Amino acid sequence: MPKILTTIILLVYVGVISGTLSSAFLYSLNFVTSFRMSHPMLIFGLPFYGYFFGLFIKKIPHYINQGVPYIVKEIDNPNEKVSTLTTPFIFISSIGT
């Protein structure tokens with residue numbers, strides 16, 4: 001019985017964390033989209049964002065800036081560890097673009 005209880009607690013913990021992060025991502029996308037729609041001149045700032053984001057990418061380690069394809073590749077290789085910095089990088093880059 002204690003093993004089942006531990007498993008249930010872990011499942012609830014993972015569910016709450018992943019649900020919270022998914023919700024934050026969707027709310028952020030909704031906010032950024034509505035903000036851009038109400039300020040159409042922001043579209044002209046995208047080249048500047050791209051330039052500064054490119055500079056940012058050059059400063060961080062290579063294994064972090066590979067994004068989603070890196071995550072998918074690592075799923076097939078269970079011996080490799082995915083950096084915890086990959087998640088915020090994908091989150092910020094998705095919101096910014």
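Residues numbered from 1 in each chain as written. Predicted model: local features only at pLDDT ≥ 70, side-chain atom pairs only at ≥ 80, totals over all residues. Heavy atoms only, no water.

(A) Representation of the overall build of the protein chain in the model. Secondary structure summary: the protein chain contains 4 helices and 0 strands in total. Traced from its N-terminal end to its C-terminal end, the protein chain shows the element sequence α-α-α-α. The buried share among the 97 residues of the protein chain stands at 11%. Contacts in the protein chain between residues at least 24 apart in sequence constitute 50% of all its contacts with a sequence separation of at least 6. In the form shown here, the protein chain has an accessible surface area of approximately 8,000 Å², with 74% of it arising from carbon and sulfur atoms. (Helix = DSSP H or I, 4+ residues; strand = E, 2+ residues; numbered from the N terminus. Buried < 20%, exposed > 50% of the residue type's maximum accessible area, 1.4 Å probe, protein only. Contact = heavy atoms within 4.5 Å. Areas by Shrake-Rupley, 256 points an atom, 1.4 Å probe, with all protein chains shown as cover.)

(B) The environment of H39, seen in detail. Inspection of the secondary structure puts H39 in the loop between helix 1 (2-38) and helix 2 (46-59). With relative accessibility at 36%, the residue H39 sits in the partly exposed group. Here the side chain of H39 touches F35 through a polar contact of 2.9 Å, landing on its backbone oxygen. (Polar contact = N/O pair within 3.5 Å; in protein donor to acceptor, adjacent residues only side chain to side chain.)

(C) Broad picture of a nonpolar patch on the surface. A surface patch of nonpolar side chains, amounting to about 360 Å² of accessible area, comprises I4, I8, V12 and V16. Looking at the element boundaries, I8 is found in helix 1. (Patch = residues over 30% accessible without salt bridge, like charges linked within 9 Å, V, L, I, M, F, W, Y side chains within 5 Å. Salt bridge = Lys/Arg side-chain N within 4 Å of Asp/Glu carboxyl O.)

(D) Expanded view of the packing of aromatic side chains. Applying the stated criterion to the full structure yields 4 aromatic pairs. Aromatic pair F31 and F35: ring centres 6.1 Å apart, planes at 25 degrees, arrangement stacked. With F31 and F35 both in helix 1, this residue pair falls 4 residues apart, about one helical turn. Judged by its relative accessible area of 38%, F35 falls in the partly exposed class. Ring geometry for Y49 versus F53: centroids 5.5 Å apart, planes at 20 degrees, classification stacked. One end of the pair, Y49, and the other, F53, are both in helix 2, 4 residues apart, so they sit about a helical turn from each other. (Phe/Tyr/Trp six-rings, centres within 6.5 Å; stacked < 30°, edge-to-face > 60°.)

(E) Expanded view of the packing of helix 2 against helix 4 (residues 86-96). It is the contact of helix 2 with helix 4, at a shortest axis distance of 11 Å, that shows an interaxial angle of 165 degrees. In terms of their interaxial angle, helix 2 and helix 4 are classed as roughly antiparallel. Along this stretch, helix 2 crosses helix 4, giving a crossing that reads as left-handed. Of the residues in helix 4, those touching helix 2 at L46, Y49, F53, F56 and I57 are F89, I92, S93 and G96. When grouped by side-chain class, the residues that make up the contact of helix 2 with helix 4 number 7 nonpolar, 2 polar and no charged. (Axes fitted to C-alpha atoms, helices over the stretch in contact; angles between N-to-C directions. Parallel < 35°, antiparallel > 145°, perpendicular 65-115°, else oblique. Left-handed = near helix turned anticlockwise from the far one by under 90°. Nonpolar A, V, L, I, M, F, W, Y, C, P; charged D, E, K, R; others polar.)

(F) Summary view of the confidence of the model for the protein chain. Mean pLDDT for the protein chain: 82, with 85% of residues reaching 70 or above. Taking the mean pLDDT of every element in the protein chain, the minimum, 70, falls on helix 3 (residues 68-76) and the maximum, 93, on helix 1. (pLDDT = per-residue confidence, 0-100.)

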